[in-house]
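Analysis of the macromolecular model
So you can see what is in the structure, the chains are spelled out below.
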Amino acid sequence: MPFGSQAKMNTRCCIAGGGPAGMMLGFLLARAGIPVVVLEKHADFLRDFRGDTVHPSTLEVMHELGLLQDFLKLPHQEVRKLGGQIEEEFVILADFSHLPTKCKFIALVPQWDFLNFLAKQGRRYSTFTLIMEAEVVELLATEGRVIGVKVETSGGALEVRADLIVGADGRGSIVREKAELKVDEFGAPMDVLWFRLSRKSADGEQTLGRIVKGKMMVMLNRGDYWQCAYLIRKGDFIHIKERGLEVFHKDIVTVAPFLNDRVEELTDWEPIKLLTVRVDRLQKWYQPGLLCIGDAAHAMSPIGGVGINLAIQDAVAAANILTDRLSRGTATMVDLQRVQLRRDFPTRMTQAMQVFLQNQVINRVLGSNQQLKLPWPLKLFNRWPFLRRIPARLVGVGFQAEHVRTVEAAEVKPSPPTRSHHASDISIGLLDIISHILFK
Ligand SMILES: Cc1cc2nc3c(=O)[nH]c(=O)nc-3n(C[C@H](O)[C@H](O)[C@H](O)COP(=O)(O)OP(=O)(O)OC[C@H]3O[C@@H](n4cnc5c(N)ncnc54)[C@H](O)[C@@H]3O)c2cc1C
């Protein structure tokens, strides 16, 4: 049934955005008995490629929730080591086999499968409402406090009022814009072109970053295809297009010669998706009645593929800190500040590392056209394999692992599955980490 012109909903927590951050927070709050409405502007989760990496710490969260076994039934690949190739030299950069987590690998799962999985789990609880095709367009505020959102849906306009509004609407967040939260931008020298090319068994297994003659590409083994991330100088996509597809084919073959027999699978530019890289962070993630998490609070560089992971960790921390409060009423500014205090350090550290690598490695390599040598610190990774545990820890778990502290509320224990709600049919500390890795 379509919404009437005055459609209104009241709930305890309203989340703008059904990405990893929003879906995980929605699921956790609903599971703990907090009524929650998640608003997602798209009709489904089946969208462009937005990263497939589900890291060991996210898998640990799934394990703590008792969902891991079911989750790993989804088609996936397991990455246990990350390799790098500079010109002709090869090095294993990260080895996840020593992580203190149940899963000692990165699971490559299409993001839409991951989000559908979370949606399915959320729908088991009567406290969980997911509205698709529901775009948040405005904040409602009174006396300096955010009290709701205005939403455009396929079924008409809707107002959702809640004790807490969460902006989990990604790097282009309308919530943070409307709330006029101040953003620090850190810049990035590169953008990324994402595309797939078929994979043959003779190609090898290794998920690998390659640097050859001033060109960089990361290749994720996705079974029958390679998911490729080709790095370009910021803003260069337009010039690459002008030079033509054939030249781009040659560039790809320079970095990975074995792709010579299949670069022509890219017959036009359409399947080549541009990720405009941004690194930014809100100075303050909250204001009365409002909290931002995930990319909405801090857009991450693709280095390390940690964006999804950080979004999930934010959601777990927010649920841990806010559930008790929300079960009794509204979250105070101090509660919201605690969420930022908890997540600020790992976010800052991760972004600092990404910005350092962007400026010191990627910026120097891209377009330099010179043959590079494997830098000596990386040579140590071949000589002393235990060093591979450090990047594995930083990428696989991050600077601060969050654990699920909330419990499933007795009164919302799983009910029989309900159908999907669409808008139109709803009627209603670093040194410690290093020593732990090295001496564990
Ligand atoms: C091409 C590409 C490749 C990437 N590769 C990787 C990778 O390999 N590994 C990795 O970890 N990260 C990767 N990322 C980054 C990763 O996708 C994000 O860091 C992560 O998804 C952040 O999660 P989030 O929930 O905070 O935001 P998002 O995933 O951006 O989710 C925000 C959600 O909000 C919805 N939304 C937006 N505006 C509104 C609105 N006004 N109203 C309602 N809903 C709204 C969006 O449709 C979206 O579903 C990649 C990103 C891109 C674009």
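Everything discussed here concerns the structure shown above.
Below, the structure is looked at part by part. Since this is a predicted model, take the numbers as computed values, not measurements.

Some thoughts on the packing of aromatic side chains
Counted by the stated rule, this structure contains 9 aromatic pairs. Each ring, one from Phe-345 and one from Phe-399, has its centre 6.4 Å from the other, and the planes form 80 degrees; the classification is edge-to-face. Of this pair, Phe-345 sits in helix H9 (residues 333-365) while Phe-399 sits in the loop between helix H11 (389-396) and helix H12 (430-439), placing them 54 residues apart in sequence. Judged by relative accessible area, which is 6%, Phe-399 ranks as buried. Joined through ring pairs, the aromatic side chains of Phe-195, Tyr-230, Phe-237, Phe-248 and Trp-269 make up one cluster. One Lys or Arg, Arg-196, reaches over the ring of Tyr-225 and ends 3.9 Å from the middle of that ring. Seen from the ring of Trp-226, Arg-199 lies directly overhead, with NZ or CZ sitting 5.5 Å from the centre.

Side note on the sheet that holds strand E4 (residues 77-79)
In a beta sheet, neighbouring strands are held together by backbone hydrogen bonds and run either parallel or antiparallel to one another. Pairing is antiparallel in the open sheet, where 3 strands are placed in the order E3-E7-E4. Of all the strands in the sheet, the pair left with one neighbour each is strand E3 (53-54) and E4. Across 3 bridges, the pairing between E4 and strand E7 (residues 106-108) is antiparallel. Within the sheet, the bridge partner assigned to Val-79 lies in E7 and is Ile-106.

Looking at the pattern of salt bridges
Using the criterion set out here, one finds 19 salt bridges in the structure. Ionic pairing is found between Arg-222 and Asp-52, a salt bridge with its closest N-O pair at 2.2 Å. Of the two residues, Arg-222 is situated in the loop between strand E15 (215-221) and strand E16 (225-233) and Asp-52 in the loop between strand E2 (36-39) and E3; the sequence distance between them amounts to 170 residues. In this structure, a network of salt bridges that share partners links the residues Lys-200, Asp-203, Asp-261 and Arg-262.

A few points about the site of the ligand
Around the ligand there are 32 residues in total, and Glu-40, Arg-50, Thr-53, Asp-295 and Gly-305 lie nearest to it. Between an oxygen atom of the ligand and a side-chain N or O atom of Glu-40, the distance comes to 2.6 Å. In the environment of the ligand, a nitrogen atom lies 3.2 Å from a nitrogen or oxygen atom belonging to the backbone of Lys-41. A total of 990 Å² of accessible area belongs to the ligand in isolation, and the protein chains cover 91% of it. If you list the elements that add at least two residues to the shell around the ligand, you get helix H1 (20-31), strand E9 (134-142) and helix H8 (307-328). Grouping the constituent residues of the shell around the ligand by class yields 13 nonpolar, 11 polar and 8 charged.

Observations regarding the sheet that holds strand E13 (residues 190-198)
The strand order E6-E5-E14-E15-E16-E13-E17 describes an open sheet built from 7 strands, whose pairing is mixed. Edge strands, defined here as strands with exactly one partner in the open sheet, are strand E6 (89-95) and strand E17 (273-275). With strand direction ignored, the average angle separating the axes of adjacent strands in the sheet is 20 degrees. Taken together, the 4 bridges between strand E5 (residues 81-86) and strand E14 (residues 208-212) define a ladder with parallel strand orientation. When the sheet's bridge partners are listed, Ile-86 is paired in E14 with Ile-211.

Re the side chain of Gln-121
Relative to the assigned elements, Gln-121 resides in helix H4 (residues 111-122). The exposure class assigned to Gln-121 is buried, which follows from its relative accessible area of 5%. Excluding residues within four positions of it along the chain, Gln-121 makes contact with Phe-27 and Leu-67.

What to know about the environment of Lys-104
Looking at where Lys-104 falls in the secondary structure, it is placed in the loop between E6 and E7. Residue classification places Lys-104 among the partly exposed positions, given a relative accessible area of 30%. Taking the C-alpha atoms as reference points, Lys-104 and Pro-391, separated by 287 residues in sequence, lie 13 Å from one another. In contact with Lys-104, not counting residues within four places along its chain, are Arg-80, Phe-96, Ser-97 and Leu-99.

Considering the packing of helix H2 (residues 56-64) against H8
One can describe the packing of H2 onto H8 by two numbers: an axis separation of 9 Å at closest approach and a directional angle of 40 degrees. The interaxial crossing formed by H2 with H8 has left-handed handedness. Facing H2, whose interface residues are Ser-57, Thr-58 and Val-61, H8 presents Asn-309, Ile-312, Gln-313 and Val-316. Each residue belonging to the contact of H2 with H8 can be placed in one class, and the counts come to 3 nonpolar, 4 polar and no charged.

Conventions and cut-offs
Residues numbered from 1 in each chain as written. Predicted model: local features only at pLDDT ≥ 70, side-chain atom pairs only at ≥ 80, totals over all residues. Heavy atoms only, no water. Phe/Tyr/Trp six-rings, centres within 6.5 Å; stacked < 30°, edge-to-face > 60°. Helix = DSSP H or I, 4+ residues; strand = E, 2+ residues; numbered from the N terminus. Buried < 20%, exposed > 50% of the residue type's maximum accessible area, 1.4 Å probe, protein only. Lys NZ or Arg CZ within 6 Å of the ring centre and 35° of its normal. Pairing = 2+ DSSP bridges. Salt bridge = Lys/Arg side-chain N within 4 Å of Asp/Glu carboxyl O. Near = heavy atom within 4 Å. Polar contact = N/O pair within 3.5 Å; in protein donor to acceptor, adjacent residues only side chain to side chain. Areas by Shrake-Rupley, 256 points an atom, 1.4 Å probe, with all protein chains shown as cover. Nonpolar A, V, L, I, M, F, W, Y, C, P; charged D, E, K, R; others polar. Axes fitted to C-alpha atoms, helices over the stretch in contact; angles between N-to-C directions. Contact = heavy atoms within 4.5 Å. Left-handed = near helix turned anticlockwise from the far one by under 90°.

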